[in-house]
Amino acid sequence: MIKVSETKRYNIKPDTVISDAFETAYTRYAEEQPVTPPDLAMPVFTAVSMLLLFVLFLLTSLEYAEERFIWLLLSALCLAITGRSFYKYFVQNKKYKQAAGKPSVVKAKREGFYAFFKTKDNQLPETMSAGDMLKMVSPIIGKQNDQVYNNALREMSEDLARINNPSFTMCKLVNPCGDIFNQARRRLYFKNEGSQFVFFDTDWMNPKGEIVCDEDDVISFGEYSKYPSSINKSGNKIRQDAVILEIKDGDNHVFFEFQSESYAEIKKAVSSRKERK
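Residues numbered from 1 in each chain as written. Predicted model: local features only at pLDDT ≥ 70, side-chain atom pairs only at ≥ 80, totals over all residues. Heavy atoms only, no water.

Participant: What should I look at first to understand the nonpolar core in this one?
Facilitator: The tendency in soluble globular proteins is for nonpolar side chains to be buried side by side. Grouped together as the largest cluster of nonpolar side chains are 24 residues, with contacts concentrated most on Phe113, Phe117, Met133, Met156 and Leu160. Among the elements of the structure, helix 1 (14-32), helix 4 (103-114), helix 5 (130-137) and helix 6 (147-164) are those that each provide at least two residues to this core. It is helix 1 that provides the largest number of residues to this core, a total of eight residues. Excluding its chain neighbours within four sequence positions, the residues that come into contact with Leu160 are Ile12, Val17, Ala130, Met133, Leu134 and Val137. (Core = buried A, V, L, I, M, F, W, Y, C linked by side-chain atoms within 4.5 Å. Buried < 20%, exposed > 50% of the residue type's maximum accessible area, 1.4 Å probe, protein only. Helix = DSSP H or I, 4+ residues; strand = E, 2+ residues; numbered from the N terminus. Contact = heavy atoms within 4.5 Å.)

Participant: Quick question: what am I supposed to make of helix 5 here?
Facilitator: Along an α-helix, a turn takes 3.6 residues, which lines up residues three or four apart on a common side. Residues Ala130, Gly131, Met133, Leu134 and Val137 constitute the buried set of helix 5. Looking straight down helix 5, one finds its buried side chains confined to an arc of 160°; they lie on one side. Tucked inside the fold, the buried residues of helix 5 contact strand 2 (11-12), helix 1, strand 3 (128-129) and helix 6. (Arc of directions from axis to C-beta.)

Participant: How should I be thinking about the sheet that holds strand 1 (residues 3-5) in this particular structure?
Facilitator: Pairing within the open sheet is antiparallel, and its eight strands lie in the order 1-7-6-5-4-10-9-8. Bordering the open sheet on either side are strand 1 and strand 8 (218-223), each of which pairs with just one other strand. The average undirected angle you get between the axes of adjacent strands in this sheet is 25°. (Pairing = 2+ DSSP bridges. Axes fitted to C-alpha atoms, helices over the stretch in contact; angles between N-to-C directions.)

Participant: For this particular structure, what's the right way to read the environment of Thr202?
Facilitator: As for its position among the elements, Thr202 is in the loop between strand 6 (196-201) and strand 7 (210-214). Among the residues examined, Thr202 registers a relative accessible area of 18% and is labelled buried. Each C-alpha atom, one on Thr202 and one on Met170, is 8.2 Å from the other, the two residues being 32 residues apart in sequence. Residues within four places of Thr202 in sequence aside, it is in contact with Tyr10, Met170, Arg187, Leu188 and Tyr189.

Participant: Teacher, can you tell me more about a nonpolar patch on the surface here?
Facilitator: A contiguous nonpolar surface patch, about 350 Å² in accessible area, is contributed by Leu40, Val44, Val48 and Leu52. The residue Val48 is located in helix 2 (residues 41-63) in this model. Owing to a relative accessible area of 44%, Val48 belongs among the partly exposed residues under this scheme. (Patch = residues over 30% accessible without salt bridge, like charges linked within 9 Å, V, L, I, M, F, W, Y side chains within 5 Å. Areas by Shrake-Rupley, 256 points an atom, 1.4 Å probe, with all protein chains shown as cover. Salt bridge = Lys/Arg side-chain N within 4 Å of Asp/Glu carboxyl O.)

Participant: Just checking my understanding: could you explain the pattern of salt bridges for this structure?
Facilitator: Close approach of charged atoms allows side chains of opposite charge to pair. A full pass over the atoms with the stated rule returns 13 salt bridges. Note that Glu193 and Arg9 form a salt bridge whose closest N and O atoms lie 2.7 Å from each other. Residue Glu193 is found in strand 5 (residues 187-193), and its partner Arg9 is found in the loop between strand 1 and strand 2; the two are separated by 184 residues along the sequence. Salt-bridge contacts for Arg110 lead to Glu23; the nearest nitrogen and oxygen are separated by 2.7 Å.

Participant: Is there a simple way to think about the environment of Leu53 in this case?
Facilitator: Examined against the element boundaries, Leu53 turns out to sit in helix 2. Distance from Leu53 to Thr16, taken between C-alpha atoms, is 59 Å for residues 37 residues apart in sequence.

Here it is as structure tokens:
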């Protein structure tokens, strides 16, 4: 039986897409940060050494009044080295805690990312089209000061693009089908799902719908040259080596045009007994 209906092939669950993009971006960010805590012993030993030198230089400055400025300068340098050593330790330790996934840090970043998509009532619909979500994402990509947010937005954009532009084989309607596909030459994606064949609209911004049929509904397939020219009632040009797939039930009789490169795929999906020779 051939079914013609609206399509949900471009619908997504926004909460899932947002969550997956954030988790992927944050994990990648954490992996780039220090994965072991900084060594506290280093700044401690540095401080002890520098403090001993500080005391030595200070005492020396009291002994040699004429060179006191130089010894005081060296004393100050020891204090500066000590301060710099501890500063580096605290900076690296902060990065380590962030990379380690401190719950409060992750929670704050996650909530900040979700805030980009808040609506007036702070609720996203359970499902929405990938095209509508892409409209929300595209204007803010690359405009955030936070590396995690920019990476997560790019991740979302790529995921949504894959949904809107799948890698399935494309074909065209040779003749209209039902009330939804009331014009010929509509471009469709072809997908084999077990014992069913699915043809859904390539216009992801405003898809008309989809056609689903069982394998038993397939009448024939073969080169266009093997079919009577009367199947092309629209009069549009069809190459002689184009591949035609014919489906039929009690209410519908539909022909699809594929490029010649798709012959092997169609032959694999459909019983060879239905090939026109």
